Structures are given as C-alpha cells and as structure tokens.
Amino acid sequence: MEFIFFQERRTASIIPILTLIEHKPESIVGCILMGEDRPKEQPPDWFIFAESSENPASYLFKKAEQGEFLGALDVFLIVKEPGSLLQITVLVAIGCCNINHSGEAGRGGKTILSLLAKHNIRTYPAEVIRPVDNNDPNIDKLHQEAKKIFFKAFNKIGIYWLPEAWGLKPFRY
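Cut-offs and rules
Residues numbered from 1 in each chain as written. Predicted model: local features only at pLDDT ≥ 70, side-chain atom pairs only at ≥ 80, totals over all residues. Heavy atoms only, no water. Helix = DSSP H or I, 4+ residues; strand = E, 2+ residues; numbered from the N terminus. Buried < 20%, exposed > 50% of the residue type's maximum accessible area, 1.4 Å probe, protein only. Contact = heavy atoms within 4.5 Å. Core = buried A, V, L, I, M, F, W, Y, C linked by side-chain atoms within 4.5 Å.

Caption draft 1: Spatial organisation of unusual backbone geometry. In this structure, Arg9 takes a positive phi of about 60° despite not being glycine. Topologically, Arg9 is positioned in the loop between β1 (2-5) and α1 (15-23). What makes Arg9 partly exposed here is its relative accessible area of 39%. Positive phi is not limited to glycine here, since Asn120 has a value of about 50°. Mapped onto the elements, Asn120 comes out in the loop between α4 (104-118) and β5 (123-125).

Caption draft 2: Here's a closer look at the environment of Ile78. Its place among the elements puts Ile78 in strand β3 (residues 73-80). For Ile78, a relative accessible area of 0% corresponds to the buried category. A sequence separation of 62 residues divides Ile78 from Pro16, and the C-alpha atoms of the two residues are 13 Å apart. Beyond its immediate sequence surroundings of up to four residues, Ile78 is in contact with Ser27, Ile28, Val29, Gly30, Ile32, Ile88, Thr89, Val90, Phe150, Phe154 and Trp161.

Caption draft 3: Structural view of the nonpolar core. If you look at the biggest cluster of nonpolar residues, it comprises 30 residues, and the most contacted ones within it are Ile17, Ile21, Leu33, Leu73, Val75 and Leu77. If you list the elements that add at least two residues to this core, you get α1, β2 (28-35), α2 (45-48), α3 (56-65), β3, β4 (88-97) and α4. Val75 has contacts with Ile17, Cys31, Ile32, Leu33, Leu91, Val92, Ala93, Cys96 and Ile112, leaving out every residue within four places of it along the chain. Counting 24 residues, the second-largest nonpolar core is a separate cluster that includes Phe5, Ile78, Leu142 and Ala153.

Here's what the structure looks like:
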C-alpha cells in the first residue's frame, strides 16, 4: 500500500482527491474520514454513527447542513490501480478542511461529502482519536502517526471493502 501525502492543513490539498472522486469513482475502494470534536477527544456521536446509515457521506453532509460541529477533518481516499487486485494507493490530506465554516475550508469539507454521497462511495467515519499534533514541525512523525490511525480504521472495514471493490462475494469458511 502506497501513501501519497498532500500538504497538511491546506484546503487546496483536496483538489486531486475531489478530481478522482468526480471523474474516476470506479477506481475508488472507499474513503476513511477522521474528524474531531475537540483535540484528543472522540469525534461526536453523529459522526461515528453515520457508518450505520446506507450512505454515510450523505448522512454527514445533511448533518453539516444542519449546523453540527466538527473540527479538523482528515481524508484518506483509497484508490485501486486499474488492472490490479492488490495495488492500492491512499491519498492523504491531513487537517485539510472542516465542514462548518463558510470559507474555502468549509466548502472543501462539504464538497468532499457531497461528491462521496453523489457517487455512493464507501465512506467510513472513523471512531478514533486523532493523535496527530498539527503544530509539530516534524512531518515524518506526522505521517507515521497518520498511517497508524489509518490502519486502525482500515483494519475494521478492509475485509468488507476489498472484496466489494474487486466485484467478488467474500469467501466464508
């Protein structure tokens, strides 16, 4: 699994992610979102429980429109390479947007949610505490921490998402 990190805390970092979602949704395995209520706390319940809805991204978008608060949002877009079962790339934008403010960042967060919903892309709002210190100048440490929390979330949903992305029914034993 290859990780491509875009510049942290920059809304413009989501442009490649938005472009892939809009123009190549068939190449996307899914999207893991990590949000925070307040630093070092679990995301709010409405964010976590979105997973149980039929289209989590649509549910999250509606909540954003209703004014529910969510701090920083990390986006992990999981993309499968054409013609390969196992070659997967994760596009990562850390703290790139939120869903509440009306400026560029708010529009970015709502745009991601609306595109994920429009294409009904598997979306997992992760129930993890973001351990990332956005003020730490050590980018390598930031990326390692982001990978750790990504795998914590991906291990819960990968067993379902990967067979679906391959167009296969899971083989049960």
